[in-house]
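# Tertiary structure, described
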Amino acid sequence: MRVLAVADSDSYLKWAACLLGDLPPGCVTELAVVRTPIAPSGEQIAAAVQGRPAPPVLSARSVRRLAERTRPDVILVACTGPVVDILVAEVLADLRPRPVFVSGLPGISVPATEKAWLFRSGCDLFVVHSEREVAEFSEIAARLGGGGAVGLARLPFLRPAGPAFEAPARGGDRVVFATQAKVPRQREQRESILRVLADLAAARPDLDVVVKLRALEDERQTHKERFHYQRLWREMGEPGRVEFATGSMHDQLTRAAGFVTVSSTAALEAIALGVPTLVLGDFGVNAEMINLVFEDSGLLGTLDDLAAGRFHTASPAWCAANYFHPAERSDWTGLLNGLVISHSRTPARSLLDGPEHAGARRRARLRVEVPPKMLRVGYRAKRRVRRYLKALT
C-alpha cells in the first residue's frame, strides 16, 4: 500500500508523521508540506517529523504532480479544513485511479463541530482520537450526510510504547505553562496569566517557571496568535523571573513539578506522564474556550490555585472516556485497509459542492495559492486572486 501524506502546518505535520508510523509493515509512505501562509518553518518541520527525512514544501500544483507520479493508494490530507476541501474536491479530485482520501483533526475536538465535518466531507475516512469524538462526529455525519467512516486513533503523544509514558524524574524543578494560540482571546486575560506566573516564581525560588511556546513570534502556527506571550512579556517590562521555551513539550514535562494551561492538548501529555495538572477556568469553560472537554476531569481550577501552586490529578473515569482508550480500540488502520482492499473509488460526497458554499471555497483557493488556470476559474475569480496577491505585497 502506497500512502502519500500532505500537511499544511506544524501541528498537522506532526500528526501526519505519527499516523504514517501507525501503518502496517510494508507500506510505502511519503510526506510533503503544501505551501500556504501557515506552512511551518524549517525548525518546526524538523521538530514535527520525529526523525523522518524533512519533507519538501510544495505548491498545490507540485503536490498534484507528486500524486500523479507516485500513484498512491491513499492520500492522507492532514490540513486545516479549507485546505482539505480544495485539495480533495479540486486539486486531486480527478486522479486515476482514485486514491482513498483520509483526513481528521490533530488535537482535542470536543465538542464536535459541523464546520469541521463539512470541510472534510469529501474524504472517505475521518480520524479522531476519543470514543466521545467518534460518537459526536458520527451523529453529525448521520444528520448531515456526506463523508465516509469515522475512525479512532490515539493522539501522537499518548502511545503506550512511546517516550510519553516514561515516568518523569522525581522532584521536578519547574512549573510549565502551555500556551494556546486561540484562547484566551483578550490581551488583558493573557497578561493576568503572566502576572500570576511571575508571582509564583517569586514565591517559589526553588522552581523554574516556564512558558512553553508553540512557536516563536515570527513563526507561523496552525491558528493565528494575536497576542504572543513573549511579546506581551516584553511590553509589560518583564516583571519577574519567567522563562520562555520552544522545542519538545515532552522534555519540559519530564522535569515538571506541575503543569498549567487554558486548553492545550499538552494537558493530556502531562496526565500520561503523571504530572499534576491545572486547567484554568477563570475565562470560562465552554466550546469557545476549547476546554469544555475538561469538565468532570478533576483538573479545572483558577489563577488563585496557580498562585498557590495547587495542581490536580485527572479522574480515571474521565481518562477512559477521553483519549486514554485501550490501544486495541483504535480502528482507523483497519478501516483504511478495508477501503483499499475493496477498491471502492466512488467519491465521498462533499457537502460544500453547492453554490451556497462558493465563497468559502474561493477563500480556500487563495489560501492554498492554487493557480487559477488549474481550476478553470473565471475572470472574476482571477481578479480576486490578483487583489489578494497585491494586498500581500
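Located above this text is the structure these notes cover.
A brief look at the structure comes next. (Residues numbered from 1 in each chain as written. Predicted model: local features only at pLDDT ≥ 70, side-chain atom pairs only at ≥ 80, totals over all residues. Heavy atoms only, no water.)

Applying the stated criterion to the full structure yields six aromatic pairs. An angle of 85° between the planes, with centres 6.2 Å apart, marks the rings of Y12 and W15 as edge-to-face. Of this pair, Y12 and W15 both sit in helix 1 (residues 10-22), three residues apart, which is roughly one turn of that helix. As far as the burial class goes, Y12 and W15 line up, both buried. (Phe/Tyr/Trp six-rings, centres within 6.5 Å; stacked < 30°, edge-to-face > 60°. Helix = DSSP H or I, 4+ residues; strand = E, 2+ residues; numbered from the N terminus. Buried < 20%, exposed > 50% of the residue type's maximum accessible area, 1.4 Å probe, protein only.)

Between side chains of opposite charge, pairing is possible as soon as their charged atoms come close. Tallied over the entire structure, the rule returns 19 salt bridges. Here R64 ties to E68 by a salt bridge, and the two come within 2.8 Å at their closest N and O atoms. In this pair, R64 and E68 both sit in helix 3 (residues 60-70), four residues apart, roughly one turn of the helix. Across the pair D305 and R310 runs a salt bridge, and its minimum N-O distance is 2.8 Å. On the accessibility criterion, D305 (13% relative accessible area) is buried. Residue classification places R310 among the partly exposed residues on the basis of a relative accessible area of 42%. One network of salt bridges, in which partners are shared, links D173, R174, D208, R241 and R255. (Salt bridge = Lys/Arg side-chain N within 4 Å of Asp/Glu carboxyl O.)

Our focus in this paragraph is the pairing of strand 6 (residues 125-128). Side chains L125 and V127 of strand 6 all project onto a buried face; the interleaved residues F126 and V128 project onto the opposite face, where all are buried too. In this sheet, strand 6 lies alongside strand 5 (residues 100-104) in parallel orientation, the contact comprising three bridges. Bridged to V102 within strand 6 is L125. Running through helix 5 (residues 114-119), the crossover from strand 5 to the neighbouring parallel element strand 6 is right-handed. (Pairing = 2+ DSSP bridges. Right-handed = clockwise from strand over helix to strand, strands pointing away.)

In this fold, A257 is placed in strand 11 (residues 256-261). By relative accessible area, which is 31% here, A257 ends up partly exposed. The spacing of A257 and G274 is 17 residues in sequence and 9.8 Å in space, taken between C-alpha atoms. Once residues within four sequence positions are removed from consideration, A257 is found in contact with G172, D173, R174, L207, V275 and P276. (Contact = heavy atoms within 4.5 Å.)

On to unusual backbone geometry, then. V110 connects to P111 through a cis peptide bond whose omega is 0°. Checked against the element boundaries, P111 lands in the loop between strand 5 and helix 5. Here V183 and P184 are connected by a cis peptide whose omega angle stands at -10°. The residue P184 is located in the loop between strand 8 (174-178) and helix 7 (187-203) in this model. A positive phi angle is found at Y323, which is not glycine, with a value near 85°. With respect to the element layout, Y323 can be found in the loop between helix 12 (316-321) and helix 13 (332-342). Residue classification places Y323 among the buried positions, given a relative accessible area of 1%.

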